[in-house]
Amino acid sequence: MSTSIVLNWSGEGSDVKVAGEFTSWSPQDAIKTGDAWQFKIDLQPGRYQYKWVVDGNWLADESQPVDIDESGNKNNVVSVEVEAEKIPEVQKETEPIEEKPTESNLVESTEADQTEGSGDRYESQLSSASDRPNKQSSIIDYCAIL
């Protein structure tokens, strides 16, 4: 992801250009805006050295960050940072919501529930249901025979 960078020269000069690592050190025209000169470029994240070429003279702007390259040349330097994506704030943990009893989740306790046995209050209903003929079981039996 590239970032738009604007380099500014506010010194003297009637012909101002910029040359740097981002132009393969080939001078590119800056644009006069009021009393200053601007050079706009889209750059990938990284660190780039450059110089101003003012009226044919290669200069480093001392009011901007400078660095010395491996050959001993003083150059301006611009650093393009990776823009951090905004991370949504984590919501605070909230206390669990206590569920209030409603008609749909209330279970009434009856005397039959209190009787000894397996504790399954449907036990008696299930046993009486198995005494009745079941259409489903006869269909299953029929399919099993085939």
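Notes on the structure follow. (Residues numbered from 1 in each chain as written. Predicted model: local features only at pLDDT ≥ 70, side-chain atom pairs only at ≥ 80, totals over all residues. Heavy atoms only, no water.)

### What to know about the overall build of the chain
Stage number 1. Each helix and strand in the chain was counted, giving two helices and nine strands.
Stage number 2. Expressed as a percentage of contacts within the chain between residues at least 6 apart in sequence, the contacts between residues at least 24 apart total 61%. (Helix = DSSP H or I, 4+ residues; strand = E, 2+ residues; numbered from the N terminus. Contact = heavy atoms within 4.5 Å.)

### Overview of the side chain of Gln 49
Stage number 1. Along the chain, Gln 49 turns up in strand β6 (residues 46-54).
Stage number 2. There is a polar contact of 2.7 Å between the side chain of Gln 49 and the side chain of Asn 75.
Stage number 3. With residues near it in sequence (within four places) discarded, Gln 49 still touches Gly 20, Glu 21, Phe 22, Trp 25, Asp 67, Asp 69, Asn 75, Asn 76 and Val 77. (Polar contact = N/O pair within 3.5 Å; in protein donor to acceptor, adjacent residues only side chain to side chain.)

### Some remarks on the sheet that holds strand β1 (residues 3-9)
Stage number 1. Spatially, three strands are ordered β1-β5-β4 in an open sheet, and the strand pairing comes out antiparallel. What marks the edges here is a single partner per strand, and that holds for β1 and β4 (31-33). The mean inter-strand angle of the sheet, taken between neighbouring strand axes irrespective of direction, is 40°.
Stage number 2. Where β4 meets strand β5 (residues 36-43), three bridges bridge the pair, whose relative direction is antiparallel. (Pairing = 2+ DSSP bridges. Axes fitted to C-alpha atoms, helices over the stretch in contact; angles between N-to-C directions.)

### As for the nonpolar core
Stage number 1. Of all hydrophobic cores here, the largest spans 17 residues; its most connected members are Leu 7, Phe 22, Leu 43 and Trp 52.
Stage number 2. For this core, the secondary structure elements donating two or more residues are β1, β2 (16-20), β5, β6 and β9 (74-80). (Core = buried A, V, L, I, M, F, W, Y, C linked by side-chain atoms within 4.5 Å. Buried < 20%, exposed > 50% of the residue type's maximum accessible area, 1.4 Å probe, protein only.)

### With respect to the environment of Gly 34
Stage number 1. Mapped onto the secondary structure, Gly 34 falls in the loop between β4 and β5.
Stage number 2. Distance in space between the C-alpha atoms of Gly 34 and Ser 10 is 9.7 Å, their sequence separation being 24 residues.

### Concerning the packing of aromatic side chains
Stage number 1. Per the stated rule, a full pass over the model turns up five aromatic pairs.
Stage number 2. With a centroid separation of 6.1 Å and 25° between ring planes, the pair formed by Phe 22 and Phe 39 is classed as stacked. With Phe 22 in the loop between β2 and β3 (28-29) and Phe 39 in strand β5, this residue pair connects regions lying 17 residues apart in the sequence.
Stage number 3. Since its relative accessible area comes to 16%, Phe 22 is described here as buried.
Stage number 4. Three or more aromatic residues joined by ring pairs form one cluster here, namely Trp 9, Phe 22, Phe 39, Tyr 48, Tyr 50 and Trp 52. (Phe/Tyr/Trp six-rings, centres within 6.5 Å; stacked < 30°, edge-to-face > 60°.)

### Here's the deal with the pairing of β6
Stage number 1. Summarising burial for β6: seven of the nine residues are buried, a large majority.
Stage number 2. Note that β2 and β6 share five bridges and pair antiparallel. The residue of β6 that forms the bridge with Lys 17 is Val 53.
Stage number 3. Bridging between β6 and β9 involves five bridges; their strand directions are antiparallel. Paired with Arg 47 across the two strands is Ser 79, which belongs to β9.
Stage number 4. For β6 and strand β7 (residues 57-59), the ladder comprises three bridges, and the chain directions are antiparallel. From the neighbouring strand, Trp 52 faces β7, where its bridge partner is Leu 59.
Stage number 5. Counted along the chain from β6 to the antiparallel partner β7, the turn is two residues long, and its residue Asp 55 has a positive phi close to 50°.

By themselves, these are just geometric observations and shouldn't be taken as functional.
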